[in-house]
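Residues per chain are reported as follows:
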Amino acid sequence: MLQHVVVGHKSLSDYTHIVGRQLVDEIRSLADGLEGQRVLHLSATAFGGGVAEILYALVPLMNDVGLHCEWHVMLGREEFFNVTKRLHNALQGDPDAPTSDEWDIYRRYNQLNADELAGDWDIVIVHDPQPAGVRNFVPDKARRWIWQCHIDLSEPNAAALAPLLPLVADYDAAVFHIDRYVPEELRSRPERPVYVSPPAIDPLSPKNMRLSPEDAAFVCEQFGIDVDRPLMCQVSRFDPWKDPIGVIDAYRQVRTEIPDVQLALVGSMATDDPEGWEFYNRTVAYAGDDPDIHILNNLNNVGAIEVNAFQSQADVLIQKSTREGFGLTVSEGLWKARPMVAGNVGGIPLQVIDGRTGFLVNSPEECAERCLRILRDPALGRRLGLAGKEHVRANFLMPRVLRDWLRIFKQA
Ligand code: UDP
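Anyway, here's the lowdown on the structure attached to this text. (Residues numbered from 1 in each chain as written. Predicted model: local features only at pLDDT ≥ 70, side-chain atom pairs only at ≥ 80, totals over all residues. Heavy atoms only, no water.)

### Details of the overall build of the protein chain
What counts here: A run of DSSP states H or I qualifies as a helix once it reaches four residues; a run of E qualifies as a strand once it reaches two. Both are numbered from the N-terminal end. Our radius of gyration looks at C-alpha atoms and nothing else; its globule reference is 2.2 Å times the residue count to the power 0.38. Categorising residues by exposure relies on relative accessible area from a 1.4 Å probe, with only protein chains included: less than 20% of the type maximum marks a residue as buried, more than 50% marks it as exposed, and the intermediate range marks it as partly exposed. For accessible areas, the Shrake-Rupley method is used with a probe of radius 1.4 Å. Any residue's cover is judged against the shown protein chains and nothing else. Here Asp and Glu are counted as negative and Lys and Arg as positive; His is not counted, and neither are the chain ends. The atoms used to mark charge sites are NZ of Lys, CZ of Arg, CG of Asp and CD of Glu.
A tally of regular secondary structure across the protein chain gives 16 helices and 13 strands. Radius of gyration (C-alpha) of the protein chain: 22 Å, near the 22 Å computed for a compact globule of 412 residues. With the C-alpha coordinates aligned to their principal axes, the bounding extent of the protein chain is approximately 65 × 50 × 35 Å. Taken over 412 residues, the protein chain has a buried fraction of 58%. Accessible area of the protein chain: about 17,200 Å², with a carbon and sulfur share of 49%. Side chains of the protein chain carry 41 positive and 58 negative charges; the gap between the two charge centres is 5 Å.

The following block contains the structure:
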């Protein structure tokens, strides 16, 4: 059997004071008539990455409004995840696409999961490419199949997209984060609609709940941060597309003008990701022996509360990505009312409206210049941060995602 993820309980009413009664009422009226519908979320992993972040909040909320919702994680081994990692990268544009032998491995694991999948669902929502092939083996196990793609398909390696498309073409609907990510082949099929619904954060999770300034400072001090001096911070995996090297360059430029500034690069590491470690080591080497650059990862016990504390404490937050599907860290940072300087790519401009909820940048030089402006003008930082928080409240909190799904279910 597939792994059933136990998610605990959440109550939509707890969100009313944060998102407002109007949205909560809309959700309740959409849920009216959907009671007891059996909804399954199928994904590749229960840990790490945006999909897991979302499902830990969305699944209990779906249950709270009356659906019968479960989340199952597919079975897989290293040989399968090596293929799907290559597929994932190639779908985002990497030239190295899976070979036909690797697609055989992909199909073999998808068939295994299809056989093991419990039957009799009203709706199965399949997340991302890893389990996308399951449906074609067992279309009768659900009344309706929906594929949600969480990755950026705007400039794919065609050799990776071509074998994937027939696997997702027969789903009853597909959901993408941004309209630009929808492949042409899936558009304009009225009987198989495509919906756009960007992801969101859970304001009541330990990562996003309110921490007092004293508690945030206390946590940061444990990691050697001097909380009386200015702090720049990026929270991200150590990945070339997140550009931590560019962040260090920007910090060095800022330091020529503000000598007591500090930098924290907070990033989680997968123990089984050799590429990640190589890039982590390069970042550490690039930082050299500067005691004011703090490079921290989950092996230093940086968990959700610590991420929250760094985001809450920073005088300026950075997300200097050069490629980004959505960038949950951006909404997480804005939600703490901190000013954000971020790369003008992918889903970031949905969240950072240049000059209003932060600054968008295209180079380390621009990044340094905007950080300097904010550090020299705390009132500007405060204004940007507060506008950013309200922008997230209106658009990127989990109840809105719940509403989007209920609307989709209602259109069946
Ligand atoms: N994250 C974390 N610890 C870290 C680094 C990242 O918990 O040390 C979380 C981060 O808070 C966010 C998620 O991992 O919730 C990353 O999502 P995002 O969309 O920003 O980027 P991705 O890693 O999916 O490309």
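Don't stop here, the text continues.
### Focus on helix H5 (residues 100-116)
Keep this limit in mind: In this analysis, the expected span of each helix is defined as 1.5 Å times one less than the number of residues it contains. Contacts are residue-level and defined by heavy atoms, with any inter-residue pair within 4.5 Å sufficient.
With 17 residues, H5 ought to run about 24 Å at 1.5 Å a step, and its terminal C-alpha atoms sit 24 Å apart, in line with that. Within the sequence span of H5, burial applies to Glu 102, Trp 103, Ile 105, Tyr 106, Tyr 109, Asn 110, Asn 113 and Ala 114. Turning to H5, the residues buried within the fold contact helix H4 (78-91), helix H6 (134-137) and helix H7 (158-168).

### As for the side chain of Asn 157
Cut-off, in case you're wondering: Identification of polar contacts relies on pairs of N or O atoms within 3.5 Å, with a donor-acceptor requirement for protein atoms, meaning one able to donate a hydrogen and the other able to accept it, and with residues adjacent in sequence counted only if both atoms are side-chain atoms.
Among the structural elements, Asn 157 can be located in the loop between strand E5 (142-149) and H7. Here Asn 157 falls in the buried class, since its relative accessible area comes to 13%. At a separation of 2.9 Å, a polar atom in the side chain of Asn 157 contacts the main-chain amide nitrogen of Ala 159. Ignoring anything within four residues of it in the chain, the contact list for Asn 157 reads Ala 90, Gly 93, Asp 94, Pro 95, Asp 96 and Ala 97.

### Here's the deal with the sheet that holds strand E4 (residues 121-127)
The criterion, for reference: Strands pair, by our definition, only if DSSP identifies at least two bridges between them. Only the stretch in contact is used when fitting a helix axis, every axis being a line fitted to C-alpha atoms; angles between N-to-C directions are given from 0 to 180 degrees.
Pairing is mixed across the open sheet formed by 7 strands, whose spatial order is E1-E3-E2-E4-E5-E6-E7. At either margin of the open sheet sits one strand with a lone partner, and together these are strand E1 (3-4) and strand E7 (194-196). Bridge analysis of E4 against E5 gives 6 bridges, and the strand direction is parallel. Directly across from Val 126, in E5, lies its bridge partner Trp 147. Each of strand E2 (38-43), E4, E5, strand E6 (173-176) and E7 is contacted by helix H16 (residues 398-410), which is oriented at about 140° to E5, the strand it contacts most.

### Focus: the pattern of salt bridges
Selection rule: We count a salt bridge whenever a side-chain nitrogen from Lys or Arg sits within 4 Å of a carboxyl oxygen from Asp or Glu.
Here the structure, examined in full by the defined rule, presents 26 salt bridges. Residue Asp 292 is joined to Arg 229 by a salt bridge in which the shortest nitrogen-to-oxygen separation is 2.9 Å. Of this pair, Asp 292 sits in the loop between helix H10 (274-287) and strand E10 (293-297) while Arg 229 sits in the loop between helix H8 (213-222) and strand E8 (231-235), and the two are 63 residues apart along the sequence. Using a relative accessible area of 22% as the deciding quantity, one classes Arg 229 as partly exposed.

### A word on the sheet that holds strand E11 (residues 316-319)
Here 6 strands make up an open sheet; going across it, the order is E10-E9-E8-E11-E12-E13 and the pairing parallel. Strands with a single pairing partner mark the edges of an open sheet, and in this sheet they are E10 and strand E13 (359-361). Geometrically, the sheet is characterised by an average inter-axis angle of 20° between neighbouring strands, direction not taken into account. As judged from the 3 bridges shared by strand E12 (residues 340-343) and E13, these two strands associate in the parallel manner. Each bridged residue has a counterpart across the sheet, and for Gly 343 the counterpart in E13 is Val 361.

### Remarks on the site of the ligand
Stated precisely, the cut-off is as follows: Residues are counted as near a molecule or strand when any one of their heavy atoms sits within 4 Å of it.
Around the ligand, 14 residues are found, and the nearest of them are Arg 237, Lys 242, Ser 268, Leu 328 and Glu 332. The side chain of Arg 237 places a nitrogen or oxygen atom 2.7 Å from an oxygen atom of the ligand. One of the backbone nitrogen or oxygen atoms of Leu 328 is found 2.9 Å away from an oxygen atom of the ligand. In the complex, 85% of the free accessible area of the ligand, which totals 540 Å², lies under the protein chains. Looking at the shell around the ligand, the elements with two or more residues in it are strand E9 (262-267) and helix H12 (328-335).

### Topic: unusual backbone geometry
Look at Asp 243: it is not a glycine, yet its phi comes out positive at around 55°. Topologically, Asp 243 is positioned in the loop between E8 and helix H9 (244-257). According to the relative accessible area criterion, Asp 243 is buried, its value standing at 15%. Non-glycine residue Ala 337 carries a positive phi angle of around 60°. Among the structural elements, Ala 337 can be located in the loop between H12 and E12.

### Some words on the pairing of E8
Put simply, the test is: Here a crossover is taken to be right-handed if, once the strands point away from the viewer, the path from the first strand over the helix to the second is traced clockwise.
Most of E8 is tucked away, with 5 of its 5 residues classed as buried. Burial along E8 is two-sided: the residues Leu 231, Cys 233 and Val 235 and Met 232 and Gln 234 are all buried. Judged from the 5 bridges that link them, E8 and E9 form a sheet pairing that is parallel. Across the sheet, Val 235 pairs through a bridge with Val 266, a residue of E9. Between E8 and its parallel partner E9, the chain crosses via H9, and the hand of that crossover is right-handed.

### Overview of helix H2 (residues 21-31)
The line we're drawing: Note: the arc covers the axis-to-C-beta directions of the helix.
Listed in full, the buried residues belonging to H2 are Leu 23, Val 24, Ile 27, Leu 30 and Ala 31. Buried residues of H2, viewed axially, fall in a sector of 125°; they line one side. More than 90 degrees from the buried face of H2, the exposed residues found are Arg 21 and Gln 22. A positive backbone phi angle near 100° is found at Gly 33, which sits one or two residues after H2.

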